[in-house]
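Structural overview for review
Single-letter residue listing:
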Amino acid sequence: MAIGITHKFKSLLRLRLRKGKRSKQLTATCQDLSHDDCCRDEVVPEEPVVFISEQPNSLFFQKLPIEVRKTIYSYIWLGAYDNMYHVPNGRHIIFKEGRWYNMRCVMSEVDEDRDFIQKTMDYIYESGQGDLLMWQRRLSSTWGSRHWRCEERIEYGSMGAIDRTDFGSMMLVCKRMYPEVVESVFESHKFIFNDLFTAHRFFVHQPSPYVSHLRDLDITLHTSFRECSPLAINLPKNRVREVINAVKSLPSLHSLRISVDICDRGPWRKLPERDLAIHFKACQALKKFVVEFPPLLAGKTYLFDGQDLDTDAANPESTSMPFTVIRRPPLRYWQFHPGEVEHFKWEMFKRGSQPHCRITLAKSGTAISNPYLVKSDG
Ligand SMILES: [Zn+2]
(Lines give C-alpha, C1' and ligand atoms only; values in the text may rest on other atoms or scores of the structure.)
Protein backbone atom coordinates (compact mmCIF):
# COMPACT_ATOMS: atom_id res chain seq x y z
CA MET A 1 0.00 0.00 0.00
CA ALA A 2 1.44 3.34 -0.96
CA ILE A 3 1.00 6.06 1.57
CA GLY A 4 -0.66 9.10 0.14
CA ILE A 5 -0.36 12.53 1.68
CA THR A 6 -2.24 15.67 0.82
CA HIS A 7 -0.52 18.82 -0.27
CA LYS A 8 -1.84 20.74 2.75
CA PHE A 9 -0.53 18.12 5.14
CA LYS A 10 2.88 18.21 3.46
CA SER A 11 2.96 22.00 3.90
CA LEU A 12 2.01 21.62 7.55
CA LEU A 13 4.79 19.09 8.10
CA ARG A 14 7.35 21.34 6.45
CA LEU A 15 6.16 24.30 8.56
CA ARG A 16 6.46 22.29 11.76
CA LEU A 17 9.85 21.00 10.78
CA ARG A 18 11.08 24.53 10.11
CA LYS A 19 9.67 25.81 13.43
CA GLY A 20 11.12 22.85 15.32
CA LYS A 21 14.50 23.35 13.66
CA ARG A 22 14.58 27.04 14.61
CA SER A 23 13.62 26.45 18.24
CA LYS A 24 16.10 23.58 18.59
CA GLN A 25 18.88 25.67 17.09
CA LEU A 26 18.12 28.40 19.59
CA THR A 27 18.07 25.87 22.44
CA ALA A 28 21.39 24.49 21.32
CA THR A 29 22.90 27.96 21.31
CA CYS A 30 21.61 28.64 24.81
CA GLN A 31 22.82 25.31 26.13
CA ASP A 32 26.30 25.65 24.74
CA LEU A 33 26.84 29.28 25.70
CA SER A 34 26.34 31.41 28.78
CA HIS A 35 23.10 33.43 28.95
CA ASP A 36 24.90 36.70 28.22
CA ASP A 37 26.60 35.28 25.18
CA CYS A 38 23.55 33.68 23.69
CA CYS A 39 21.53 36.86 23.86
CA ARG A 40 23.99 38.81 21.74
CA ASP A 41 22.92 39.10 18.16
CA GLU A 42 26.34 38.31 16.79
CA VAL A 43 26.56 34.94 18.56
CA VAL A 44 24.89 32.90 15.87
CA PRO A 45 26.68 29.74 14.77
CA GLU A 46 27.66 29.76 11.12
CA GLU A 47 26.50 26.19 10.67
CA PRO A 48 23.28 25.36 12.52
CA VAL A 49 23.44 22.45 14.92
CA VAL A 50 20.67 20.03 14.08
CA PHE A 51 19.33 17.96 16.95
CA ILE A 52 17.30 14.83 16.44
CA SER A 53 14.78 14.16 19.16
CA GLU A 54 14.74 10.63 20.51
CA GLN A 55 10.94 10.92 20.59
CA PRO A 56 10.65 9.84 24.28
CA ASN A 57 6.86 10.02 24.22
CA SER A 58 6.49 7.91 21.10
CA LEU A 59 5.37 4.35 21.78
CA PHE A 60 6.38 3.48 18.21
CA PHE A 61 10.02 4.30 18.90
CA GLN A 62 10.19 3.43 22.60
CA LYS A 63 8.24 0.14 22.62
CA LEU A 64 8.97 -1.40 19.25
CA PRO A 65 12.47 -2.68 18.41
CA ILE A 66 14.11 -1.58 15.18
CA GLU A 67 13.45 -4.96 13.54
CA VAL A 68 9.69 -4.59 14.05
CA ARG A 69 9.73 -0.98 12.90
CA LYS A 70 11.55 -1.98 9.71
CA THR A 71 9.07 -4.78 9.10
CA ILE A 72 6.30 -2.19 9.33
CA TYR A 73 8.12 0.08 6.85
CA SER A 74 8.58 -2.81 4.42
CA TYR A 75 4.80 -3.37 4.38
CA ILE A 76 4.29 0.29 3.53
CA TRP A 77 6.33 -0.11 0.32
CA LEU A 78 4.03 -2.87 -0.97
CA GLY A 79 1.87 -1.59 -3.80
CA ALA A 80 -1.24 -2.55 -5.69
CA TYR A 81 0.76 -3.17 -8.89
CA ASP A 82 3.49 -5.38 -7.43
CA ASN A 83 1.93 -8.71 -8.38
CA MET A 84 1.73 -7.66 -12.05
CA TYR A 85 5.49 -7.79 -12.53
CA HIS A 86 8.16 -10.44 -12.45
CA VAL A 87 10.35 -8.48 -10.03
CA PRO A 88 7.80 -6.92 -7.67
CA ASN A 89 10.35 -4.86 -5.76
CA GLY A 90 12.60 -4.01 -8.74
CA ARG A 91 13.53 -0.37 -9.20
CA HIS A 92 15.64 1.03 -12.03
CA ILE A 93 17.94 3.79 -10.82
CA ILE A 94 18.80 6.36 -13.48
CA PHE A 95 20.81 9.56 -13.32
CA LYS A 96 19.66 11.75 -16.17
CA GLU A 97 20.02 15.46 -16.86
CA GLY A 98 21.33 16.13 -13.37
CA ARG A 99 18.55 14.30 -11.52
CA TRP A 100 18.05 10.90 -9.98
CA TYR A 101 15.04 8.86 -11.07
CA ASN A 102 13.69 5.56 -9.89
CA MET A 103 11.20 3.66 -11.99
CA ARG A 104 9.57 0.30 -11.56
CA CYS A 105 11.09 -2.68 -13.37
CA VAL A 106 8.46 -4.03 -15.78
CA MET A 107 10.34 -7.06 -17.06
CA SER A 108 8.22 -10.08 -17.76
CA GLU A 109 8.85 -13.68 -16.73
CA VAL A 110 9.57 -14.60 -20.38
CA ASP A 111 12.49 -12.17 -20.38
CA GLU A 112 14.40 -14.58 -18.14
CA ASP A 113 14.81 -16.60 -21.34
CA ARG A 114 17.87 -14.89 -22.79
CA ASP A 115 16.92 -16.11 -26.26
CA PHE A 116 13.35 -14.83 -26.12
CA ILE A 117 13.95 -11.89 -28.48
CA GLN A 118 15.65 -14.00 -31.13
CA LYS A 119 12.99 -16.72 -30.81
CA THR A 120 10.41 -14.05 -31.58
CA MET A 121 12.55 -12.92 -34.53
CA ASP A 122 12.69 -16.54 -35.73
CA TYR A 123 8.90 -16.59 -35.84
CA ILE A 124 8.71 -13.25 -37.66
CA TYR A 125 11.41 -14.31 -40.13
CA GLU A 126 9.67 -17.57 -40.96
CA SER A 127 6.08 -16.34 -40.94
CA GLY A 128 6.61 -12.86 -42.35
CA GLN A 129 4.27 -11.50 -39.71
CA GLY A 130 5.65 -8.84 -37.41
CA ASP A 131 8.17 -6.05 -37.37
CA LEU A 132 11.67 -7.48 -37.57
CA LEU A 133 13.27 -4.03 -37.32
CA MET A 134 11.49 -3.29 -34.06
CA TRP A 135 12.72 -6.55 -32.55
CA GLN A 136 16.22 -5.88 -33.91
CA ARG A 137 16.20 -2.68 -31.92
CA ARG A 138 15.25 -4.65 -28.83
CA LEU A 139 17.96 -7.19 -29.56
CA SER A 140 20.54 -4.41 -29.64
CA SER A 141 19.28 -2.77 -26.45
CA THR A 142 22.12 -1.65 -24.21
CA TRP A 143 19.93 -2.58 -21.23
CA GLY A 144 20.34 -6.26 -22.01
CA SER A 145 17.83 -8.88 -23.05
CA ARG A 146 16.06 -8.84 -19.66
CA HIS A 147 15.21 -5.14 -19.33
CA TRP A 148 14.41 -4.03 -22.87
CA ARG A 149 10.78 -3.36 -21.86
CA CYS A 150 11.96 -1.10 -19.04
CA GLU A 151 14.26 0.80 -21.39
CA GLU A 152 11.46 1.41 -23.90
CA ARG A 153 9.16 2.62 -21.16
CA ILE A 154 11.74 5.03 -19.79
CA GLU A 155 12.81 6.19 -23.24
CA TYR A 156 9.37 6.73 -24.74
CA GLY A 157 6.96 6.73 -21.83
CA SER A 158 6.63 8.69 -18.65
CA MET A 159 6.38 7.96 -14.96
CA GLY A 160 2.97 6.63 -14.05
CA ALA A 161 0.96 5.40 -11.12
CA ILE A 162 2.94 2.16 -10.99
CA ASP A 163 6.10 4.13 -10.12
CA ARG A 164 4.63 6.20 -7.33
CA THR A 165 5.50 4.77 -4.00
CA ASP A 166 5.49 7.77 -1.74
CA PHE A 167 8.88 7.43 -0.11
CA GLY A 168 9.04 11.19 0.48
CA SER A 169 6.04 11.32 2.80
CA MET A 170 7.54 8.76 5.14
CA MET A 171 10.85 10.59 5.16
CA LEU A 172 9.08 13.78 6.23
CA VAL A 173 7.37 12.30 9.29
CA CYS A 174 10.23 13.18 11.61
CA LYS A 175 14.02 13.34 11.70
CA ARG A 176 14.14 10.33 14.00
CA MET A 177 12.31 8.24 11.44
CA TYR A 178 14.16 9.52 8.39
CA PRO A 179 17.28 7.30 8.53
CA GLU A 180 15.22 4.20 9.31
CA VAL A 181 12.95 4.90 6.36
CA VAL A 182 15.84 5.36 3.93
CA GLU A 183 17.53 2.20 5.23
CA SER A 184 14.27 0.33 4.71
CA VAL A 185 13.99 1.61 1.12
CA PHE A 186 17.49 0.30 0.39
CA GLU A 187 16.85 -3.02 2.15
CA SER A 188 13.42 -3.71 0.66
CA HIS A 189 14.05 -3.05 -3.01
CA LYS A 190 16.09 -4.59 -5.76
CA PHE A 191 18.19 -1.78 -7.21
CA ILE A 192 18.79 -2.17 -10.95
CA PHE A 193 21.43 -0.24 -12.86
CA ASN A 194 21.66 -0.40 -16.64
CA ASP A 195 24.36 2.06 -17.50
CA LEU A 196 27.89 2.41 -16.25
CA PHE A 197 27.64 6.17 -15.79
CA THR A 198 24.77 5.87 -13.30
CA ALA A 199 26.32 2.92 -11.48
CA HIS A 200 29.67 4.70 -11.15
CA ARG A 201 28.00 7.86 -9.86
CA PHE A 202 25.88 5.92 -7.37
CA PHE A 203 28.61 3.68 -5.97
CA VAL A 204 31.86 5.58 -6.51
CA HIS A 205 31.49 9.25 -7.37
CA GLN A 206 28.71 10.27 -4.97
CA PRO A 207 27.84 7.23 -2.87
CA SER A 208 24.85 7.53 -0.58
CA PRO A 209 25.60 7.08 3.15
CA TYR A 210 22.92 4.37 3.11
CA VAL A 211 24.39 2.36 0.25
CA SER A 212 25.75 -0.21 2.72
CA HIS A 213 22.13 -1.31 3.36
CA LEU A 214 21.64 -2.58 -0.20
CA ARG A 215 20.76 -6.27 -0.33
CA ASP A 216 19.74 -7.01 -3.88
CA LEU A 217 21.52 -5.68 -6.95
CA ASP A 218 21.25 -6.16 -10.70
CA ILE A 219 23.85 -4.33 -12.77
CA THR A 220 24.35 -4.33 -16.52
CA LEU A 221 27.70 -2.89 -17.50
CA HIS A 222 27.40 -1.94 -21.13
CA THR A 223 30.94 -0.78 -21.57
CA SER A 224 33.39 -0.18 -24.31
CA PHE A 225 35.94 -2.85 -25.02
CA ARG A 226 38.58 -0.28 -24.09
CA GLU A 227 37.37 -0.22 -20.47
CA CYS A 228 37.18 -4.01 -20.16
CA SER A 229 40.41 -4.84 -21.92
CA PRO A 230 43.03 -6.68 -19.86
CA LEU A 231 45.31 -3.68 -19.96
CA ALA A 232 42.73 -1.07 -18.99
CA ILE A 233 40.94 -3.00 -16.24
CA ASN A 234 44.01 -2.81 -14.00
CA LEU A 235 44.77 0.87 -14.54
CA PRO A 236 44.46 3.14 -11.47
CA LYS A 237 41.37 4.83 -12.91
CA ASN A 238 39.02 2.36 -14.47
CA ARG A 239 35.29 2.85 -13.96
CA VAL A 240 34.38 -0.83 -14.39
CA ARG A 241 36.86 -1.96 -11.76
CA GLU A 242 35.87 0.87 -9.40
CA VAL A 243 32.20 -0.15 -9.59
CA ILE A 244 33.07 -3.82 -9.02
CA ASN A 245 35.26 -2.94 -6.02
CA ALA A 246 32.55 -0.72 -4.53
CA VAL A 247 29.86 -3.36 -4.98
CA LYS A 248 31.84 -6.25 -3.58
CA SER A 249 32.55 -4.30 -0.39
CA LEU A 250 28.84 -3.83 0.43
CA PRO A 251 28.36 -5.58 3.78
CA SER A 252 24.63 -6.40 3.53
CA LEU A 253 24.54 -7.62 -0.06
CA HIS A 254 22.78 -10.98 -0.47
CA SER A 255 22.18 -11.19 -4.17
CA LEU A 256 24.15 -9.78 -7.09
CA ARG A 257 23.76 -10.19 -10.80
CA ILE A 258 26.18 -8.49 -13.16
CA SER A 259 25.79 -8.60 -16.92
CA VAL A 260 28.97 -7.74 -18.72
CA ASP A 261 28.74 -6.45 -22.21
CA ILE A 262 30.81 -4.44 -24.62
CA CYS A 263 29.71 -1.82 -27.08
CA ASP A 264 30.54 -4.10 -29.97
CA ARG A 265 27.01 -5.27 -30.73
CA GLY A 266 27.95 -7.15 -33.88
CA PRO A 267 28.19 -10.88 -34.22
CA TRP A 268 31.84 -10.86 -33.26
CA ARG A 269 32.45 -10.75 -29.59
CA LYS A 270 35.45 -11.06 -27.42
CA LEU A 271 35.79 -10.25 -23.80
CA PRO A 272 38.64 -10.44 -21.32
CA GLU A 273 36.60 -12.63 -19.03
CA ARG A 274 39.43 -13.97 -16.95
CA ASP A 275 40.67 -10.53 -15.97
CA LEU A 276 37.18 -9.45 -14.99
CA ALA A 277 36.63 -12.71 -13.14
CA ILE A 278 39.62 -12.01 -10.92
CA HIS A 279 37.93 -8.84 -9.72
CA PHE A 280 34.58 -10.58 -9.22
CA LYS A 281 36.21 -13.34 -7.25
CA ALA A 282 36.37 -11.42 -3.98
CA CYS A 283 32.55 -11.42 -3.60
CA GLN A 284 32.66 -14.55 -1.49
CA ALA A 285 29.88 -13.93 1.01
CA LEU A 286 26.97 -13.61 -1.38
CA LYS A 287 24.14 -16.12 -1.27
CA LYS A 288 23.38 -15.62 -4.95
CA PHE A 289 25.94 -14.28 -7.38
CA VAL A 290 25.45 -14.54 -11.13
CA VAL A 291 27.65 -13.10 -13.86
CA GLU A 292 26.28 -12.97 -17.39
CA PHE A 293 28.87 -13.00 -20.13
CA PRO A 294 28.60 -12.85 -23.92
CA PRO A 295 28.19 -16.14 -25.75
CA LEU A 296 30.61 -18.89 -26.44
CA LEU A 297 30.59 -20.58 -29.78
CA ALA A 298 30.72 -24.25 -30.57
CA GLY A 299 34.00 -25.78 -29.55
CA LYS A 300 34.49 -23.16 -26.85
CA THR A 301 37.07 -21.42 -28.97
CA TYR A 302 35.85 -17.97 -28.28
CA LEU A 303 37.86 -16.89 -25.28
CA PHE A 304 41.30 -15.43 -25.28
CA ASP A 305 42.96 -18.61 -24.21
CA GLY A 306 40.27 -21.21 -24.75
CA GLN A 307 39.61 -21.50 -21.02
CA ASP A 308 35.93 -21.67 -20.22
CA LEU A 309 34.75 -20.17 -16.96
CA ASP A 310 31.42 -21.89 -17.11
CA THR A 311 30.22 -24.00 -14.22
CA ASP A 312 31.18 -27.12 -16.01
CA ALA A 313 32.27 -29.84 -13.58
CA ALA A 314 35.01 -30.80 -16.00
CA ASN A 315 36.51 -27.39 -15.57
CA PRO A 316 38.40 -27.27 -12.26
CA GLU A 317 38.56 -23.49 -12.31
CA SER A 318 34.78 -23.17 -12.22
CA THR A 319 34.63 -24.82 -8.80
CA SER A 320 36.81 -22.10 -7.32
CA MET A 321 34.65 -19.29 -8.65
CA PRO A 322 32.16 -17.84 -6.16
CA PHE A 323 29.72 -17.00 -8.94
CA THR A 324 27.61 -18.77 -11.50
CA VAL A 325 28.37 -17.93 -15.11
CA ILE A 326 25.53 -17.75 -17.57
CA ARG A 327 25.85 -16.74 -21.19
CA ARG A 328 23.72 -15.04 -23.72
CA PRO A 329 23.01 -17.13 -26.81
CA PRO A 330 25.04 -16.30 -29.93
CA LEU A 331 23.46 -13.72 -32.19
CA ARG A 332 21.76 -14.94 -35.35
CA TYR A 333 20.17 -11.65 -36.46
CA TRP A 334 21.79 -8.30 -37.07
CA GLN A 335 21.28 -5.12 -39.03
CA PHE A 336 24.40 -4.84 -41.16
CA HIS A 337 22.80 -2.28 -43.45
CA PRO A 338 20.21 0.34 -42.39
CA GLY A 339 16.66 -0.92 -42.67
CA GLU A 340 17.60 -4.53 -43.39
CA VAL A 341 17.80 -7.24 -40.74
CA GLU A 342 19.91 -10.21 -41.79
CA HIS A 343 19.57 -13.74 -40.51
CA PHE A 344 22.85 -15.62 -40.38
CA LYS A 345 24.39 -18.85 -39.17
CA TRP A 346 27.69 -19.58 -37.47
CA GLU A 347 30.04 -22.06 -39.08
CA MET A 348 33.22 -23.55 -37.69
CA PHE A 349 35.79 -24.90 -40.11
CA LYS A 350 39.47 -25.73 -40.25
CA ARG A 351 42.07 -24.11 -42.43
CA GLY A 352 45.09 -26.34 -42.22
CA SER A 353 45.27 -27.34 -38.57
CA GLN A 354 43.76 -24.09 -37.28
CA PRO A 355 40.07 -23.77 -36.43
CA HIS A 356 38.31 -20.78 -37.91
CA CYS A 357 34.85 -19.34 -37.78
CA ARG A 358 32.60 -17.39 -40.07
CA ILE A 359 29.02 -16.32 -40.37
CA THR A 360 26.96 -17.04 -43.46
CA LEU A 361 24.07 -14.78 -44.37
CA ALA A 362 20.94 -16.85 -44.88
CA LYS A 363 19.56 -15.02 -47.92
CA SER A 364 22.64 -14.25 -49.98
CA GLY A 365 24.88 -17.06 -48.75
CA THR A 366 27.68 -14.52 -48.29
CA ALA A 367 30.33 -15.74 -45.86
CA ILE A 368 31.93 -13.22 -43.51
CA SER A 369 35.03 -14.30 -41.65
CA ASN A 370 35.27 -13.60 -37.96
CA PRO A 371 38.21 -11.29 -37.47
CA TYR A 372 38.68 -12.11 -33.79
CA LEU A 373 38.89 -15.85 -33.98
CA VAL A 374 40.41 -18.19 -33.15
CA LYS A 375 42.29 -19.86 -30.38
CA SER A 376 43.27 -23.37 -31.18
CA ASP A 377 41.60 -26.14 -29.21
CA GLY A 378 44.50 -28.34 -29.80
ZN1 LIG B 1 13.66 -3.88 -15.66
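Note that the structure is predicted; figures quoted are calculated from it, not measured.

Observations regarding the confidence of the model for the protein
- Summing up the model confidence of the protein, the mean pLDDT is 76 and the portion of residues at 70 or higher is 74%.
- Across residues 1-13 the pLDDT falls below 50, and counting only partners more than four positions away or on other chains, this stretch makes 20 contacts in the model.
- Scored below 50 in pLDDT, residues 19-45 shows 15 contacts in the model against residues more than four places distant or in partner chains.

Remarks on the sheet that holds strand β2 (residues 99-104)
- Taken together, the seven strands give an open sheet; going across it, the order is β2-β1-β3-β4-β5-β6-β7, and neighbouring strands pair in mixed fashion. Here the strands that pair on one side only, and so sit at the sheet edges, are β2 and β7 (324-327). Sheet twist, expressed as the mean angle between neighbouring strand axes with direction ignored, is 20 degrees.
- When strand β4 (residues 216-223) meets strand β5 (residues 255-262), the two strands line up parallel, connected through eight bridges. Bridging across to β5, Leu221 finds its partner in Val260.
- Of the strands in this sheet, β1 (90-96), β2, β3 (190-193) and β4 touch helix α10 (residues 196-205), which is tilted by about 95 degrees from β1.

Quick notes on the pattern of salt bridges
- The tally for this structure, following the rule as stated, stands at 19 salt bridges.
- Between Arg149 and Asp111 there is a salt bridge whose closest N-O contact spans 2.7 Å. One end of the pair, Arg149, is in helix α7 (residues 148-156); the other, Asp111, is in the loop between β2 and α5 (116-127), and 38 residues separate them in sequence.
- Accessibility expressed as a relative area gives 0% for Asp111, which makes it buried.
- Between Glu112 and Arg146 there is a salt bridge, with the nearest N and O atoms lying 3.5 Å from each other. Of this pair, Glu112 sits in the loop between β2 and α5 while Arg146 sits in the loop between α6 (132-139) and α7, and the two are 34 residues apart along the sequence.

What about the coordination of the zinc ion?
- Note on the zinc ion: its protein donors are His92 (NE2), Cys105 (SG), His147 (ND1) and Cys150 (SG). The metal-donor distances range over 2.1 to 2.3 Å.
- Viewed at the metal, the four donor atoms of the zinc ion are separated by angles of 99 to 123 degrees, and the geometry they form is tetrahedral.
- Sequence positions of the residues that donate to the zinc ion give the spacing H-x12-C-x41-H-x2-C.
- His147 gets classed as buried once you look at its relative accessible area, which sits at 1%.

Scoring rules and cut-offs
By convention here, each chain's residues receive numbers from 1 onward along its written sequence. Predicted model: local features are reported for residues with pLDDT of at least 70 only, side-chain atom pairs are reported and counted for 80 or more only, and whole-chain, interface and lining totals are derived from all residues. Heavy atoms throughout the structure, all of them, feed into the side-chain values; hydrogens and water do not. For every residue, the predictor states its confidence as a pLDDT score lying anywhere from 0 to 100. Contacts are assigned to residue pairs with any non-hydrogen atoms lying within 4.5 Å of each other. Strand pairing follows a simple DSSP-based rule, namely that at least 2 bridges must link the two strands. Counting from the N terminus, the helices are the DSSP runs of H or I reaching at least four residues and the strands are the DSSP runs of E reaching at least two. Every angle, taken between N-to-C directions, lies between 0 and 180 degrees, and every axis is a line fitted to C-alpha atoms, over only the stretch in contact when it is a helix. The salt bridge criterion pairs a side-chain nitrogen of Lys or Arg with a carboxyl oxygen of Asp or Glu, the two atoms within 4 Å. To sort residues, take the accessible area from a 1.4 Å probe on protein chains only and compare it with the maximum for the residue type: under 20% means buried, over 50% means exposed, and anything in between is partly exposed. Coordinating donors are taken to be N, O and S atoms lying within 2.8 Å of the metal, or within 3.2 Å when the metal is Na, K or Ca; because water is excluded from the atom set, some sites may appear incomplete. Just to be clear on the cut-offs, tetrahedral is four donors with all angles between 85 and 135 degrees, square planar is four donors and octahedral six with opposite donors over 155 degrees apart and all others between 65 and 115, and anything else goes down as irregular.

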